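Each chain, letter by letter, is given below.
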Amino acid sequence: MILTSLNVYCDEVVMVFGKSLAPYIIEESNSGVELSIIKEALALEGHELVPVYTQLDRVAFIFDQDKVDASHRYIKKVRQKSSIFYGNVTIEYHDVFFTLHERNIVIESPSDLKGYTLLSFQDANKHYPRWLPEGYKHSQTPSQINQVKLLQLGLVDIVLSDKNIFNYNSELYKLSLDGELKGMRMHIFTSPYKYNPVFKSKKIAQAFNAGLDKLKKSGRYTEIISKTLKADMAITSIVDLTL
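All figures in this text were calculated on a predicted structure; none of them were measured in a lab.

A. Molecular detail of helix H4 (residues 145-152). Among the residues making up H4, those that are buried are Gln 147, Val 148, Leu 151 and Gln 152. For H4, the arc enclosing every buried residue in end-on projection is 120°, short of the 170-degree limit, so these residues lie on one face. Buried residues belonging to H4 abut strand S6 (95-100), strand S7 (118-120), strand S9 (158-162), helix H5 (163-175) and strand S10 (184-188). Once H4 ends, the next one or two residues include Gly 154, with phi positive near 75°.

Following this line, the structure appears as structure tokens:
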């Protein structure tokens, strides 16, 4: 079921999104679970989403310019002087470690990572400096499907990735194989991170919140998530360090 707005008049909302974040944001089709939720929430209140894309680390910079109305997130140590209006949480991201089950790698503290090769998304060390200090065998890649490939081939020991992004890319990588994926272990070391879209207009932020509330009450919000986010691919065990 897709809800529709009774408001025929639509104002465009130009929002900047980060690239390479499938299944949350899929630039090629202007889709993805996060983008779809924002688009439908705004549409319910008479606004048309116009997505533009940039590298993830430039999202806050682009938002601070006068070329967009909103951003799907805003992370910046020194915020601009002009007003910023936060929408309610769209979705949660959850970064976790992945290892091959057959390796039986134990991760209980940051010191356990020392000596292993670890591949992460870009700037992961800025998010998790305690877990990824200088001196560890840590490399980064903007191509997140490579995380799956290199782990499956045994060319890296540990991958740090958002679990849904990793699952999405695991499914893509599996299509290139004749057989099945090797079993993997998920190591949960931190809580999910909630992201809020930000707007330059208080009125549009309020409209988004109203539309998001309608999506949730109608069940459409859950429907979008269940259709887009797949079950864990080839995850044979989960270790939760947060318990």
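B. A look at the nonpolar core. In terms of nonpolar packing, the biggest core is built from 29 residues, with Phe 17, Ile 25, Leu 42 and Phe 199 touching the most fellow members. Here this core gets seven residues from one element, more than from any other, and that element is helix H1 (residues 33-44). Discounting chain neighbours no more than four positions away, the residues touching Ile 25 are Phe 17, Gly 18, Ser 31, Gly 32, Glu 34, Leu 35, Tyr 53, His 72 and Tyr 93. In this structure, Leu 100, Leu 119, Val 148 and Val 159 belong to the second largest nonpolar core, which totals 16 residues.

C. Geometry of the sheet that holds strand S4 (residues 85-86). Read across the sheet, five strands follow the order S2-S1-S3-S12-S4 without closing on themselves; strand pairing throughout is mixed. The open sheet has two free edges, formed respectively by strand S2 (47-54) and S4, since each of these has just one partner strand. Sheet topology places strand S3 (residues 70-71) next to strand S12 (residues 198-199); two bridges connect them, and they run antiparallel. Residue pairing across strands places Ser 71 opposite Val 198, the latter belonging to S12. H1 contacts strand S1 (11-18), S2 and S12 of the sheet and is inclined by roughly 150° relative to S2.

How each quantity is defined
- Residues numbered from 1 in each chain as written.
- Predicted model: local features only at pLDDT ≥ 70, side-chain atom pairs only at ≥ 80, totals over all residues.
- Heavy atoms only, no water.
- Buried < 20%, exposed > 50% of the residue type's maximum accessible area, 1.4 Å probe, protein only.
- Helix = DSSP H or I, 4+ residues; strand = E, 2+ residues; numbered from the N terminus.
- Arc of directions from axis to C-beta.
- Contact = heavy atoms within 4.5 Å.
- Core = buried A, V, L, I, M, F, W, Y, C linked by side-chain atoms within 4.5 Å.
- Pairing = 2+ DSSP bridges.
- Axes fitted to C-alpha atoms, helices over the stretch in contact; angles between N-to-C directions.

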